[in-house]
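# What the coordinates show
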Amino acid sequence: MTKTIRIGSGSAWWGDRVEPAQLNAEQGRLDYLCFETMAEATISAAQVRARRDPSFPGYDTYLDDRMRAVLPACIAQGVRIVSNQGWINPRGAAARIAELLAGMGHKGVKIAAVDGSLVTERIGQLADTVMETGAPLATLSASIISAEVYQGAEPIAEALRAGAQIVVTGRVADPSVFMAPMMAEFGWDALDHARLGAGNGIGHLLECGAQVTGGYFSDPGFKDVPEPWNFGFPIAEVSADGSAVIEKVAGTGGAIDLRTVKEQLLYEVHDPANYITPDVVVDFTTTRLEQIGPDRVRVSGIGGKPRTPTLKASVGCTEGFIGEDMFFYAGPGALRRATLAKRILEERFRIVGLQAEDLRIDFLGMNAVHGKATPADWPEPYEIAVRVAARTRTKEEALKVGREVDGMAVSGIAHTGKRVPHQDRTREVIGVWSTLVPREAIQPSIHYLEN
């Protein structure tokens, strides 16, 4: 086959910028625009919000913004959309997209919602071990609020083959969102690990958006790229053999070169020979990269190995609360005052009987990032923000942090700068753990609608 397809990135996470997606839709000459909007904790956080707020629809809170930006160009140019913005309610997201299309005057657009990733009610029967600790999964049972399995590209590809112009999903592995169009267009079999390895590798290059076009790569004076305020999102022109050219819309900032592609290729890859996804085990060690023009890199040779008999599931658990606040010192002696302030707070927490599993008092600009590895002889900073955080089992204990920090305003030491206090400086902690479930136990379902 000589056919190629053009797949553009629309987002790399929930909070990503919207404008580059619109630019790709309008000027990228795309066949597909794909959105990746999840992090490990996204679904767990969505479950927590749904418990507290009955009006929360359960899908990406920026769904409207993104769809309003790209739907006009996508519908006009026949660009198909694949997105995991469905979170814990893919059908609701699909219905909302249908409403948006109707409001724009577009009728008869076929939309598919892919369900099946949520397994909260039966995770105890499907899995038995926590991967990070080796402990029985039953030790988490009292605190579990969500469990979702990483699904692959197969149900998305099926929906695309059935004519869906827009496919919205729940939890799907990041590269699978981008590989599904390749499976649908090129007729790749779900067990063809050679081609799926290549396709997932290309998906991995696209899934983090601007990271392959210079975002998160740029380091002034060391790794400079043009116009870092104007990063474009990547586009892959993919061939049926799994090779691709990575490029971006002309005139956008950043860069696509061997350096940016290599960094993204290895991003979050623990073992380059065995990058496990739901669809295939990718082998990056055979990858060939070639700069074929300005901001154009050809990628080929990515390998694949047979998929695993299990699928990874993320298990979200409630793990208490964090109380957090901050105050400031500036000018000569800022470090000396901050050090005394830390001692004062430690003593006051002892007086009020703070029950904390962990307590940190960090000096931002001094030791907050590297902690004990911070050089002892580092020059004294001119200003310091003192961040206080405690991890507790109950919200009542977490509230003690803000109360004691408030007291530093007039019961602290000279020149304490304090933010205006507010009632609640706590947040619930959602821990995310991993486990494996049998592949055959997960049955995705596809629901179609036309607006």
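Residues numbered from 1 in each chain as written. Predicted model: local features only at pLDDT ≥ 70, side-chain atom pairs only at ≥ 80, totals over all residues. Heavy atoms only, no water.

Quick look at the overall build of the chain now. Secondary structure summary: the chain contains 11 helices and 19 strands in total. On the principal axes, the C-alpha backbone points of the chain span a range of 75 × 50 × 45 Å. The 451 residues of the chain split such that 53% are buried. Long-range pairs, those at least 24 residues apart, make up 77% of the contacts in the chain between residues at least 6 apart in sequence. (Helix = DSSP H or I, 4+ residues; strand = E, 2+ residues; numbered from the N terminus. Buried < 20%, exposed > 50% of the residue type's maximum accessible area, 1.4 Å probe, protein only. Contact = heavy atoms within 4.5 Å.)

Size it by volume and the largest pocket reaches roughly 1200 Å³. Taken together, 38 residues make up the lining of the largest pocket; nearest its centre are Glu40, Asp174, Glu268, Tyr275 and Lys312. The set of elements that each furnish at least two residues to the lining of the largest pocket consists of helix 7 (174–186), strand 9 (275–276) and strand 14 (310–330). For the lining of the largest pocket, the element with the most residues is strand 14, which contributes three residues. Among the residues making up the lining of the largest pocket, the classes are represented as 20 nonpolar, eight polar and 10 charged. (1 Å grid on protein atoms, 1.4 Å probe; cavity = no way out; pocket = protein on both sides within 12 Å on 5 of 7 lines; lining within 4 Å. Points joined across faces, edges and corners; volume = space filled by probe spheres on them. Nonpolar A, V, L, I, M, F, W, Y, C, P; charged D, E, K, R; others polar.)

Moving on, we get to a nonpolar patch on the surface. On the surface, Trp13, Trp14 and Tyr62 cluster together into a nonpolar patch covering about 310 Å² of accessible area. Examined against the element boundaries, Trp13 turns out to sit in the loop between strand 1 (4–11) and helix 1 (19–27). The partly exposed category is assigned to Trp13, whose relative accessible area is 46%. (Patch = residues over 30% accessible without salt bridge, like charges linked within 9 Å, V, L, I, M, F, W, Y side chains within 5 Å. Areas by Shrake-Rupley, 256 points an atom, 1.4 Å probe, with all protein chains shown as cover. Salt bridge = Lys/Arg side-chain N within 4 Å of Asp/Glu carboxyl O.)

So, about the sheet that holds strand 12 (residues 296–300). Strand order in this open sheet of 10 strands is 11-12-8-7-1-2-3-6-4-19, and the pairing throughout is mixed. Looking at the sheet topology across the chains shown, the edges are occupied by strand 11 (288–293) and strand 19 (445–450). When strand polarity is set aside, the average angle formed by the axes of neighbouring strands in this sheet is 20°. Summarising the sheet, strand 3 (residues 80–83) and strand 6 (residues 166–169) pair through three bridges and their orientation is parallel. Across the sheet, residue Ile81 finds its bridge partner in strand 6, namely Ile166. In the packing of helix 1 onto the sheet, the strands contacted are strand 1, strand 2 (32–35) and strand 7 (235–239), and the crossing angle to strand 2 comes to about 165°. Where helix 7 meets the sheet, it contacts strand 1, strand 2, strand 3 and strand 7, and its direction lies at approximately 160° from that of strand 1. (Pairing = 2+ DSSP bridges. Axes fitted to C-alpha atoms, helices over the stretch in contact; angles between N-to-C directions.)

We now examine the sheet that holds strand 9. Within a sheet, each strand pairs with its neighbour through backbone hydrogen bonds, oriented either parallel or antiparallel. Pairing is antiparallel across the open sheet formed by three strands, whose spatial order is 9-10-13. Since the sheet does not close on itself, it has two edges, and those belong to strand 9 and strand 13 (303–305), each with one partner. Pairing geometry for strand 9 and strand 10 (residues 281–283), over two bridges, is antiparallel. Bridge pairing in strand 10 links Tyr275 to Val282. Helix 8 (residues 193–207) contacts strand 9, strand 10 and strand 13 of the sheet and is inclined by roughly 115° relative to strand 13.

A few words now on the pattern of salt bridges. For the coordinates displayed, the defined rule picks out 35 salt bridges. For Glu428, the salt bridge goes to Arg52, with nearest N and O atoms at 2.5 Å. With Glu428 in strand 18 (residues 426–438) and Arg52 in helix 2 (residues 42–52), this pair connects stretches of sequence that are 376 residues apart. Accessibility expressed as a relative area gives 22% for Glu428, which makes it partly exposed. Here Lys395 makes a salt bridge to Asp424, at a shortest N to O gap of 2.8 Å. Of this pair, Lys395 sits in helix 11 (residues 395–411) while Asp424 sits in the loop between strand 17 (417–418) and strand 18, and the two are 29 residues apart along the sequence. Beyond isolated ion pairs, a larger network of salt bridges with shared partners links Arg6, Arg29, Glu237, Glu247 and Arg296.

Among the nonpolar cores identified, the biggest contains 46 residues, and Ile7, Met182, Ile202 and Val238 are the most heavily contacted of them. Looking at which element gives the most residues to this core, the answer is helix 7, with eight residues. In this view, Val238 contacts Lys3, Thr4, Ile5, Ile7, Met182, Phe186, Ile202, Ser243 and Ala244; residues no more than four positions away in its chain are not counted. In terms of nonpolar packing, the next biggest core, distinct from the first, is built from 30 residues, Cys74, Ala98, Ile166 and Val249 among them. (Core = buried A, V, L, I, M, F, W, Y, C linked by side-chain atoms within 4.5 Å.)

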